[in-house]
Amino acid sequence: MTGLLQIADLHTEIRLRDRTVRPVSGVSLSVAAGECLGLVGESGCGKTMTARSVVRLLPAGGVITGGSVLLDGIDLTQLSEHQMHQVRGNDIGMVFQDPASSMNPTMTVGRQIAESAIVHRGADRQAAAARAVEVLELVRMPEPQRVAGQYPHELSGGMRQRAMIAAALACEPRLLIADEPTTALDVTIQREILELIDDLRHRLGMAVILVTHDLGVIGGRTDRVAVMYGGRIVEHAATRAVFG
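Anyway, here's the lowdown on the structure attached to this text. (Residues numbered from 1 in each chain as written. Predicted model: local features only at pLDDT ≥ 70, side-chain atom pairs only at ≥ 80, totals over all residues. Heavy atoms only, no water.)

Below, the discussion takes up the sheet that holds strand E5 (residues 74-75). With antiparallel pairing, 4 strands are arranged side by side in an open sheet as E2-E1-E4-E5. In the strand order of this sheet, the two ends are held by strand E2 (20-31) and E5, each with one partner. In this structure, strand E1 (residues 5-15) lies alongside E2, joined through 8 bridges in antiparallel fashion. Bridge pairing in E2 places His-11 opposite Ser-25. With respect to the sheet, helix H1 (residues 47-55) is in contact with E1, E2 and strand E4 (62-71), its orientation differing from that of E1 by roughly 105°. (Pairing = 2+ DSSP bridges. Helix = DSSP H or I, 4+ residues; strand = E, 2+ residues; numbered from the N terminus. Contact = heavy atoms within 4.5 Å. Axes fitted to C-alpha atoms, helices over the stretch in contact; angles between N-to-C directions.)

What follows concerns the state of the cysteines. Within this structure, the stated rule accounts for 0 disulfides. We note that Cys-45 lacks a disulfide partner, and the nearest cysteine sulfur, in Cys-36, lies 17 Å from it. (Disulfide = S-S within 2.5 Å.)

Time to look at helix H7 (residues 157-169). Over its 13 residues, H7 extends 19 Å from the first C-alpha to the last, a length consistent with the 18 Å expected when each residue adds 1.5 Å. Burial within H7 is extensive, with 11 of its 13 residues counted as buried. (Expected span 1.5 Å × (residues − 1). Buried < 20%, exposed > 50% of the residue type's maximum accessible area, 1.4 Å probe, protein only.)

A few words now on the nonpolar core. Membership of the largest hydrophobic core comes to 74 residues, with the highest contact counts inside it found for Ile-92, Ile-165 and Ile-177. For Ile-177, the contacting residues outside a window of four places in its chain are Ala-51, Val-54, Val-55, Ile-92, Gly-93, Met-94, Val-95 and Ile-209. (Core = buried A, V, L, I, M, F, W, Y, C linked by side-chain atoms within 4.5 Å.)

Of note, Glu-13 is situated in strand E1. Of note is the side chain of Glu-13, whose polar atom sits 3.2 Å from the side chain of Arg-15. Within the structure, Glu-13 has its side chain in polar contact with the side chain of Arg-22 (distance 3.2 Å). (Polar contact = N/O pair within 3.5 Å; in protein donor to acceptor, adjacent residues only side chain to side chain.)

This part takes up the sheet that holds strand E8 (residues 207-212). With mixed pairing, the 6 strands of this open sheet are ordered in space as E6-E7-E8-E3-E9-E10. The strands lining the two open edges of the sheet, one partner per strand, are strand E6 (92-95) and strand E10 (232-238). On average, adjacent strands in this sheet sit at an angle of 15° to one another, irrespective of strand direction. In the sheet, strand E9 (residues 224-229) pairs with E10 via 6 bridges, with the strands oriented antiparallel. Counterpart to Ala-226 in the pairing with E10 is His-236. Contacts from H7 reach E6 and strand E7 (175-179), with the element oriented near 170° to E6. The sheet contacts of helix H8 (residues 187-204) involve strand E3 (36-40), E7 and E8, and relative to E8 the element is tilted by about 160°.

Written out as structure tokens, the structure is:
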């Protein structure tokens, strides 16, 4: 199976004032269109840094020092920042762990979602606003028209997470990376969000990387599992085989 995303021998460093941390040390992975890969491991094992390396959204001092990240054969590590800006949100959507800190508190939910359609698709304000309501409906947001006019602080945690998924899907990306998308949610809302991501994957044919420290999250929702420890992949197999 040819992967939509192919990561080969990826190395990422974070250069601090007094030392250098190497959270990603030779990671190799692939994800095919329509497939869901679970990337699991304990806190600090490098799974989030691997995900962020794909979209090149690393913390201060972070740099990719080796390897390649191919999206449909194009090496993302070699693109300029301007070129990567076109990839983020358009070809790759990212759902972060905490929507409260990742969404702009001064902008309405609808405007934040619409911005992606304006930047990447050249949509006018009216068409982009309509698209925002459309994707809010897609993620099963109650009263999407009303929610589009609200600010993030006016929404519950589960609604904010749905809004962030909607923003990630505004331009119908081919790959969705969900980094601990349910950590701060209660069990019922957690299940709803995971079912939503799974349903959208099947409906839209997206590849999904589901990053989590919780093995229970990936059971029955992923096709394959890659287990990380100390910046490396230590186990990689079909989900059923890993659980077996």
